[in-house]
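Now for the letters of each chain:
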Amino acid sequence: MEYLHLGNSDIQVSRFCLGCMSFGDPASKMHAWTLNPDESEAIIKHALDLGINFIDTANTYSAGTSEEYVGRAIKKNIAREKVILATKVYFNEGHLSKTAIDKEINGSLKRLGTDYIDLYIIHRFDYTTPIEETMEALHNLVKAGKVRALGASAMYGYQFYNLQLAAKQNGWTPFVSMQNHYNLLYREDERELIPICQQFNVSLTPYSPLAAGRLARVEWQTHTLRSKTDKVAIAKYDSTQKLDANIVQRVNELAEKYGVTMTQVALAWQFAKGITAPIIGATKTKYLDDAVGALKISLSKEDIIYLEEQYMPHRIVGAL
């Protein structure tokens, strides 16, 4: 496994981040395909064995049970200080108000069974709370030792710039990472958000790097429970199937050319684009083994052009 620093922080993370939206009680009605505590622990333990030290969850994943499962698995399998633990705030009452942030951090700490979060991520931009209120509240969590570093997720470039500017002007803690929607089928953030992140030396840790599996197989749909019930993924990708199917085919062609998997080609493209750590959600350990193999692949400039040249602009998905 390889490791890089998150932005300008002293936090070193593995080149893959284990996404934990697949863990949690399905009775929460967020997703029907989430794993139970033992199944979740098996995935987390395998990720740790592969050298993945970066784990990402959220306060609202499966009504908080994802955090609970993650906390238990970490406590049983590894020393807390050896893990970079990330969680999020926004999809809760009060969004990113000071009151909400102060409440939600304490809830996350309790469910995760820890007294600090390595990376606290705002899940979206909050149109209802002044930027200064949010940034000062987050900064106070860092000062209090509850949080080591701050991250952001899917938003417009100008919004992220204004958040960073508020931090700089007031001497508050800036963001060191951006978890945005980015893959070969969705590249809209190349216009503004990604260049702004590069300007601030903010690490990119994209979610959905395989487009909910659509870049990992030739068939657009499968018969798994997730494929049948994941309404979020369906909304993201299925309306542009005709446009994007050719890109998927090119991923397959390069995979066959190099004798590797489509997953590995799609992730190798991410690394070629300067990504620090794509978020990998897995319901089977073999998916993690497959993903890690991408570190051994180096795509040529010609390969990158071949994968990218048929992309057409998409509607914005992620930023609200």
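Scroll up a little and you will see the structure.
It should be emphasised that the depicted structure is a prediction, and the values quoted were computed from it without experimental measurement. (Residues numbered from 1 in each chain as written. Predicted model: local features only at pLDDT ≥ 70, side-chain atom pairs only at ≥ 80, totals over all residues. Heavy atoms only, no water.)

**Section: the nonpolar core**
Piece 1. Formed by 82 residues in total, the largest nonpolar core has its most connected members in Leu 18, Tyr 120 and Phe 160.
Piece 2. Contact partners of Leu 18, with chain neighbours within four places excluded, come to Phe 23, Ile 43, Ile 44, Ala 47, Ile 52, Phe 54, Ile 55, Asp 56, Ile 280 and Leu 288. (Core = buried A, V, L, I, M, F, W, Y, C linked by side-chain atoms within 4.5 Å. Buried < 20%, exposed > 50% of the residue type's maximum accessible area, 1.4 Å probe, protein only. Contact = heavy atoms within 4.5 Å.)

**Let's talk about the sheet that holds strand S9 (residues 203-204)**
The strands making up a sheet associate through backbone hydrogen bonding, with each pair oriented either parallel or antiparallel.
Piece 1. A sheet is described by the order of its strands in space; here eight strands give the open sequence S9-S8-S7-S6-S5-S4-S3-S10, paired in parallel fashion. Two strands lie at the open edges of the sheet, namely S9 and strand S10 (279-281), each paired on one side alone.
Piece 2. Where strand S3 (residues 17-19) meets S10, three bridges bridge the pair, whose relative direction is parallel. Across the sheet, residue Cys 17 finds its bridge partner in S10, namely Ile 279. (Pairing = 2+ DSSP bridges. Helix = DSSP H or I, 4+ residues; strand = E, 2+ residues; numbered from the N terminus.)

**Let's talk about helix H10 (residues 262-272)**
Piece 1. When you tally the buried positions in H10, you get 10 out of 11 residues, the bulk of the element.
Piece 2. Buried within H10 are the following residues: Met 262, Thr 263, Gln 264, Val 265, Ala 266, Leu 267, Ala 268, Trp 269, Gln 270 and Phe 271.
Piece 3. The secondary structure elements touched by the buried residues of H10 are helix H9 (241-258), S10, helix H11 (285-292) and helix H12 (301-308).
Piece 4. Directly beyond the C-terminal end of H10, a positive phi value near 90° is found at Gly 274.

**Quick notes on the side chain of Asn 59**
Piece 1. Its location among the elements puts Asn 59 in the loop between strand S4 (54-56) and helix H2 (65-77).
Piece 2. Within polar-contact distance, the side chain of Asn 59 engages the side chain of Asn 92 at 3.0 Å.
Piece 3. Among the polar contacts made by the side chain of Asn 59, one reaches the side chain of Glu 104 at a distance of 3.1 Å.
Piece 4. If we ignore the near neighbours within four places in the chain, the residues touching Asn 59 are Gly 64, Glu 67, Thr 87, Lys 88, Val 89, Tyr 90, Asn 92, Glu 104, Ser 108 and Arg 111. (Polar contact = N/O pair within 3.5 Å; in protein donor to acceptor, adjacent residues only side chain to side chain.)

**As for the pairing of strand S5 (residues 84-89)**
Piece 1. Among the six residues in S5, six count as buried, and that is most of the element.
Piece 2. Here S5 shows a buried face lined by Ile 84, Ala 86 and Lys 88 and a second buried face lined by Leu 85, Thr 87 and Val 89.
Piece 3. By the bridge criterion, three bridges tie S4 to S5 in an arrangement that is parallel. Bridging across to S5, Phe 54 finds its partner in Ile 84.

**Considerations on the packing of H10 against H12**
Piece 1. Look at H10 against H12: their axes get within 11 Å of each other, and the N-to-C directions meet at 110°. Looking at the two axes, H10 sits roughly perpendicular to H12. Crossing geometry of H10 relative to H12 is assigned as left-handed. Here Val 265, Trp 269 and Ala 272 of H10 come into contact with H12, specifically with Ile 304, Leu 307 and Glu 308.
Piece 2. Classifying every residue of the contact of H10 with H12 by side-chain character gives five nonpolar, no polar and one charged. (Axes fitted to C-alpha atoms, helices over the stretch in contact; angles between N-to-C directions. Parallel < 35°, antiparallel > 145°, perpendicular 65-115°, else oblique. Left-handed = near helix turned anticlockwise from the far one by under 90°. Nonpolar A, V, L, I, M, F, W, Y, C, P; charged D, E, K, R; others polar.)

**Describing unusual backbone geometry**
Piece 1. Non-glycine residue Ser 208 carries a positive phi angle of around 55°.
Piece 2. Tracing the backbone through its elements, the reader meets Ser 208 in the loop between S9 and helix H7 (225-229).
Piece 3. The residue Ala 212 is not glycine, and still its phi comes out positive at about 55°.
Piece 4. Mapped onto the elements of the fold, Ala 212 is located in the loop between S9 and H7.

**Brief notes about the pattern of salt bridges**
Piece 1. Within this structure, the stated rule accounts for 16 salt bridges.
Piece 2. Note that Asp 118 and Arg 80 form a salt bridge whose closest N and O atoms lie 2.9 Å from each other. Separated by 38 residues along the polypeptide, Asp 118 in strand S6 (residues 117-122) and Arg 80 in the loop between H2 and S5 bring together distant segments of the chain. An identical accessibility class is assigned to Asp 118 and Arg 80; each is buried.
Piece 3. The shortest N-O distance in the salt bridge between Arg 250 and Glu 309 comes to 2.5 Å. With a gap of 59 residues between them, Arg 250 in helix H9 and Glu 309 in the segment after H12 connect regions that are remote in the sequence.
Piece 4. According to the relative accessible area criterion, Arg 250 is buried, its value standing at 13%.
Piece 5. Each of Asp 10, Arg 80, Asp 118 and Arg 148 takes part in a single network of salt bridges with overlapping partners. (Salt bridge = Lys/Arg side-chain N within 4 Å of Asp/Glu carboxyl O.)

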